[in-house]
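Observations on chain architecture
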Amino acid sequence: MKKTIFILLALFATTGLWSAPIIFGIVMDAKTPQYEKIKNELSKELTTMTQGEFQVAFAKPLIADWSTSKAQEVLKKLQNDPKVNMIITVGIVSANTALKEKELKKPTFAPYLLQLNQHPKAHKQNFNYLAFGTPFTVALKDFLSVTSFKNMTLITDEKLSNSLPDAMDNLKESALQKGINLHIVVCNSKSAPSQQIPLDTQAVMLTPLPSLSPKSKQKLIDDLVQKHLPSYSFGGDLKVSEGIMMSSVSAENTSRRIRQLALNIQAVLRGENPEKLSNEFDDEHQLVINLNTTSRVGVYPPFNILNQAKVIGSDEPLQADSLTLSDVAKLAIKNNLYIIAGQLGVKAEDENIKEVRSILLPHISGDLSYTQQNSDNVYVKQGFYAENSTAGSIKLHQVLFSEKALAALEIQKKMKSATQAQQRTLEMDVVERATTMFLNILISQTQLKVEKENLKLTQSNLKMARGRVNAGTSDLSDVYHWESRIATSKQRVLSAKAAVEKAQDALNFILHRPITQRVKTLPATLDNSDLIVGNKELLSLITNENDVRLINDYFVQEGLKSASELQVFDNKIAAKKRKLISDKRAYYAPNLELVGEVSRVFDEKRDPAASFSLKDKTNWNAGVVLSLPLYEGGAKDASYSRSRLQLQQLQVSKEEEKSFIEQQIREDLHTIRFSYPSIELTKQAAQAAQKSFELVQNNYAKGTRSMTDLLVAQNASLLANQESASAIYKFLKDLMHLQRDIGQFDFFMNSAERTSFTTDLSSLIQNSHNQTSKAEK
């Protein structure tokens, strides 16, 4: 009889004999934004799906307020309301209440029936549900795969516990079978569940907690983290993104769940019995893990789990520094040990200059002496020598003119300038290495994300292959192939992770940070105000090959002007020229020195027969010495010839370095001409490859395309995604090479200098355009 009613209902609706709308009554656990969104999305989905076939309408939702008794009341009201044709429960409490009703007069649907245990399907007349949540035994297995424990606490809500009176005892029994002691904490709006957790608890599971306010839920999550307790959530109200360590409920499945419910409702409208429709909903059972939380509670998930799970956050310490590309460049200058050592070398050059200059400054020395003569010395006996005496003297030596000393001082000053230029070269090299390593981290991280996505796609392909085998459209060779591909993909994920770690270590070395300390890398973009390339107006001026030539020439000119390598040669050449001049003057330029001495005898013992005594006598002398070496065995000629040859060697080396710098700058510019447009081109290629892959994947699932076609499409999509994800970072690496070769990093220019650089380059291009326009006229 009931089957006949459903058939007549569908017949009247499809033939237009019954034009009245089908009214859906809605029971909501609470009036929350989450449930409102579910209700609105369901209304939209069902209206769209039944358009042209059925006319549907929705009554104003009735709120159960998380109360079992209130849910029973509103369900009874809707069951007896003659205007309502079907009922939909939105929430866990109302769904479980509907399940326990003795009789349902009207088709009743529950998209969220909490599945704590894997119990046999409940075929209740006029009732259709979709299982929600991971079964407890499966969740416990997943939890134990990430962290080990023996004592666990389950925190559940009083309202939920009342609607599932027998479930808690069943859960304790299931846990005990796994060797886990389970303690149940039932909370309400007035309780503080974190304070009820036993001290021996090693892990915590949480069911939905509708009685707690959002603030109380967050307080609970924070308390669990503070107590270093791993946590697992059954429901969507305590989210992994908010600090829960792990869950297997994905918010991404909401739309699929609503669509499945709408299909079941449509089937009932067409005459099917609600209780005979499928109650299962494939949640795809994907673990979601918050790595920020695992790091804080001291849990380290195995690699094989992380490779399969959806990961939120990062396992880097939360207190780690957040660094941008600009930050890394500035920290490299500040912290790098090579740079610090070089700065000490520059300071040492100051002391060298002081040492060389000291030759030209007065030299004063003092002597204090005591002499003893033998008493039978003939001169002592005659009184010419004192038998013993104590005397002191002060001597003065002042160079009045010395070509060699003057040349040495000027040469040392030039060598200091050369050392400063070498230090600037070192700083440019270190900044380039540091920024390149930072960009390598970003590239490695994006490659890791791509590899993880590829692993998920491969796992999805394995699932489709098994479906094809079950459908008889393929054999097990497809399954074996995708299993092999999954193993290879996992290897690639591990390799990508290793690349990230190696790049992090390399950056830490350059920045002189603890080698194991990790940084939070902030993505580098072309919108960085510290980069001149971020000026879109400047880029828009480049319209033809002549503009490119002008830019190349301009960068070469700027690079040669500021190249510290050439400044090193300039200072060394200047020093060698001064040495050559000094070597020429050595033939005729004398040394002129002032010398003087003051001496005094403080005490002496002299023969009494002597007619004189020097005791307490002071003597002095002063003079000017002029000296000129006349012949040194050919040393002057050799020194002059050597200086001349070394000067020529430096000049040739400078020209070679100049040509090399120009070649490097032009090579960098050629590379950038390829890498900058590649940003947009690789993006287009990735989008096209993704569309192609999705089409082939769908056709593979239908059995109209082969595994080889899918493999080719997936490989093409993988490569395209890798190139697209890294294109900006590769361009920025090329830009860092260019800025190093022209000796000017944008990070160390102030806004006025950047504006001046941009204005000069813009004027150069604009003047060229104006001249071209005049020539055409």
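Residues numbered from 1 in each chain as written. Predicted model: local features only at pLDDT ≥ 70, side-chain atom pairs only at ≥ 80, totals over all residues. Heavy atoms only, no water.

Some details on the overall build of the chain
Looking only at helices and strands, one finds 22 helices and 19 strands in the chain. Here the chain holds 777 residues, and the buried ones make up 45% of them. Per element, the accessible surface of the chain, about 40,100 Å² overall, is 54% carbon and sulfur. (Helix = DSSP H or I, 4+ residues; strand = E, 2+ residues; numbered from the N terminus. Buried < 20%, exposed > 50% of the residue type's maximum accessible area, 1.4 Å probe, protein only. Areas by Shrake-Rupley, 256 points an atom, 1.4 Å probe, with all protein chains shown as cover.)

Things to note about the pattern of salt bridges
For side chains bearing opposite charge, pairing can occur when the charged atoms are close. Applying the stated criterion across every chain, the model contains 27 salt bridges. Of the charged contacts, one joins K219 and D223 as a salt bridge, the two residues approaching to 2.8 Å between their closest N and O atoms. In this pair, K219 and D223 both sit in helix α8 (residues 214-226), 4 residues apart, roughly one turn of the helix. The class of D223 is buried, set by a relative accessible area of 11%. For R578, the salt bridge identified is with E410, shortest N-O distance 3.0 Å. Taken together, the positions of R578 in helix α19 (residues 564-585) and E410 in helix α15 (residues 403-471) put the pair 168 residues apart, joining distant regions of the chain. (Salt bridge = Lys/Arg side-chain N within 4 Å of Asp/Glu carboxyl O.)

Describing the pairing of strand β18 (residues 591-605)
Where strand β16 (residues 388-401) lies against β18, 13 bridges are found, and the strand directions are antiparallel. Opposite Q398, over in β18, you have L594 as the bridge partner. (Pairing = 2+ DSSP bridges.)

Digging into the sheet that holds strand β12 (residues 288-290)
Sheet architecture is open: 7 strands sit in the order β8-β7-β9-β10-β11-β12-β13, paired in mixed fashion. Where the open sheet ends on each side, the last strands, each with one partner, are β8 (181-187) and β13 (310-312). Note that strand β9 (residues 203-206) and strand β10 (residues 231-233) share 3 bridges and pair parallel. By the bridge assignment for β10, L206 is matched with S233.

Examining the sheet that holds strand β19 (residues 618-627)
One open sheet holds the 4 strands; their spatial order is β15-β16-β18-β19, and the pairing between them is antiparallel. Each edge of the open sheet carries a strand with a single partner, namely β15 (363-372) and β19. Here the average twist between neighbouring strands, direction ignored, is 15 degrees. (Axes fitted to C-alpha atoms, helices over the stretch in contact; angles between N-to-C directions.)

Notes on the packing of aromatic side chains
Applying the stated rule across the entire model yields 8 aromatic pairs. Here the aromatic rings of F24 and F58 are separated by 5.4 Å at their centres, their planes lie at 25 degrees, and the arrangement is stacked. Of this pair, F24 sits in strand β1 (residues 22-28) while F58 sits in strand β2 (residues 56-58), placing them 34 residues apart in sequence. The exposure class assigned to F24 is buried, which follows from its relative accessible area of 0%. Each residue in the set F143, F149 and Y232 is aromatic and connected to the rest through ring pairs, giving one cluster. It is R257 that lies over the ring of Y112; its NZ or CZ is 5.0 Å from the centre. (Phe/Tyr/Trp six-rings, centres within 6.5 Å; stacked < 30°, edge-to-face > 60°. Lys NZ or Arg CZ within 6 Å of the ring centre and 35° of its normal.)

Considering the environment of T153
Mapped onto the secondary structure, T153 falls in strand β7 (residues 151-157). Residues T153 and V204 lie 51 residues apart in sequence; the distance between their C-alpha atoms is 4.9 Å. Once residues within four sequence positions are removed from consideration, T153 is found in contact with L182, H183, V185, I197, P198, T201, A203, V204 and M205. Reaching out from T153, the side chain makes a polar contact with the side chain of T201 at a distance of 2.7 Å. (Contact = heavy atoms within 4.5 Å. Polar contact = N/O pair within 3.5 Å; in protein donor to acceptor, adjacent residues only side chain to side chain.)

Considerations on the confidence of the model for the chain
When pLDDT is averaged along the chain, the result is 83; 90% of the residues meet or exceed 70. When mean pLDDT is taken per element in the chain, β16 scores highest with 93 and helix α1 (residues 2-15) scores lowest with 45. Taken as a whole, residues 1-18 scores under 50 in pLDDT and shows 27 contacts with residues more than four places along the chain or in a different chain. (pLDDT = per-residue confidence, 0-100.)

Looking at the nonpolar core
By size, the foremost hydrophobic cluster in this structure holds 62 residues, and its most contacted members are I88, F136, F143, M152, M205 and I265. Per-element accounting of this core gives the leading share, 7 residues, to helix α9 (residues 254-269). V431, F438, I679 and L738 belong to the second-largest nonpolar core, a separate cluster that totals 48 residues. (Core = buried A, V, L, I, M, F, W, Y, C linked by side-chain atoms within 4.5 Å.)

Quick notes on unusual backbone geometry
Positive phi, close to 65 degrees, is recorded for N126, a residue that is not glycine. Within the element layout of this structure, N126 appears in the loop between β5 (108-114) and β6 (127-132). N126 gets classed as buried once you look at its relative accessible area, which sits at 5%. At H228, a position not held by glycine, the phi torsion is positive, near 60 degrees. Relative to the elements of secondary structure, H228 occurs in the loop between α8 and β10.

Regarding the packing of α15 against α19
Two elements in contact, α15 and α19, have axes whose closest approach is 8 Å; the angle formed by their N-to-C orientations is 170 degrees. With respect to each other, α15 and α19 are oriented roughly antiparallel. Looking at side-chain class alone, the contact of α15 with α19 contains 9 nonpolar, 7 polar and 10 charged residues. (Parallel < 35°, antiparallel > 145°, perpendicular 65-115°, else oblique. Nonpolar A, V, L, I, M, F, W, Y, C, P; charged D, E, K, R; others polar.)

What about helix α16 (residues 476-511)?
Structural remark: α-helix, 3.6 residues per turn; residues separated by three or four positions point the same way. Over its 36 residues, α16 extends 53 Å from the first C-alpha to the last, a length consistent with the 52 Å expected when each residue adds 1.5 Å. Positive backbone phi, at 55 degrees, marks H512, one or two positions downstream of α16. (Expected span 1.5 Å × (residues − 1).)

Here's the deal with helix α3 (residues 68-80)
Between its first and last C-alpha atoms α3 spans 18 Å; for 13 residues at 1.5 Å apiece the expected length is 18 Å, and the two agree. Of all the residues in α3, the buried ones are A71, V74, L75, L78 and Q79. Seen from one end, α3 has its buried residues packed into an arc of 140 degrees, which puts them on one side. Opposite its buried face, α3 presents the exposed residues E73, K76 and K77, each directed more than 90 degrees away. Where α3 is buried, its residues contact β1, β3 (62-63), β4 (86-90), α4 (92-100) and β5. (Arc of directions from axis to C-beta.)

Overview of a nonpolar patch on the surface
On the surface, a nonpolar cluster with roughly 580 Å² of combined accessible area is contributed by V378, Y379, F384, Y385, F612 and L614. Summarising the element assignment, Y379 is placed in helix α14 (residues 378-382). Looking at Y379, the relative accessible area reads 43%, which means it is partly exposed. (Patch = residues over 30% accessible without salt bridge, like charges linked within 9 Å, V, L, I, M, F, W, Y side chains within 5 Å.)

Looking at the packing of helix α12 (residues 325-335) against helix α13 (residues 337-357)
At a minimum axis distance of 6 Å, the contact between α12 and α13 shows a crossing angle of 45 degrees. Judged by the angle between their axes, α12 and α13 are oblique. Across from A332, I333, K334 and N335 in α12, the residues of α13 making contact are L337, I339, I340 and Q343. Of the residues contributing to the contact of α12 with α13, the split by class is 5 nonpolar, 2 polar and 1 charged.

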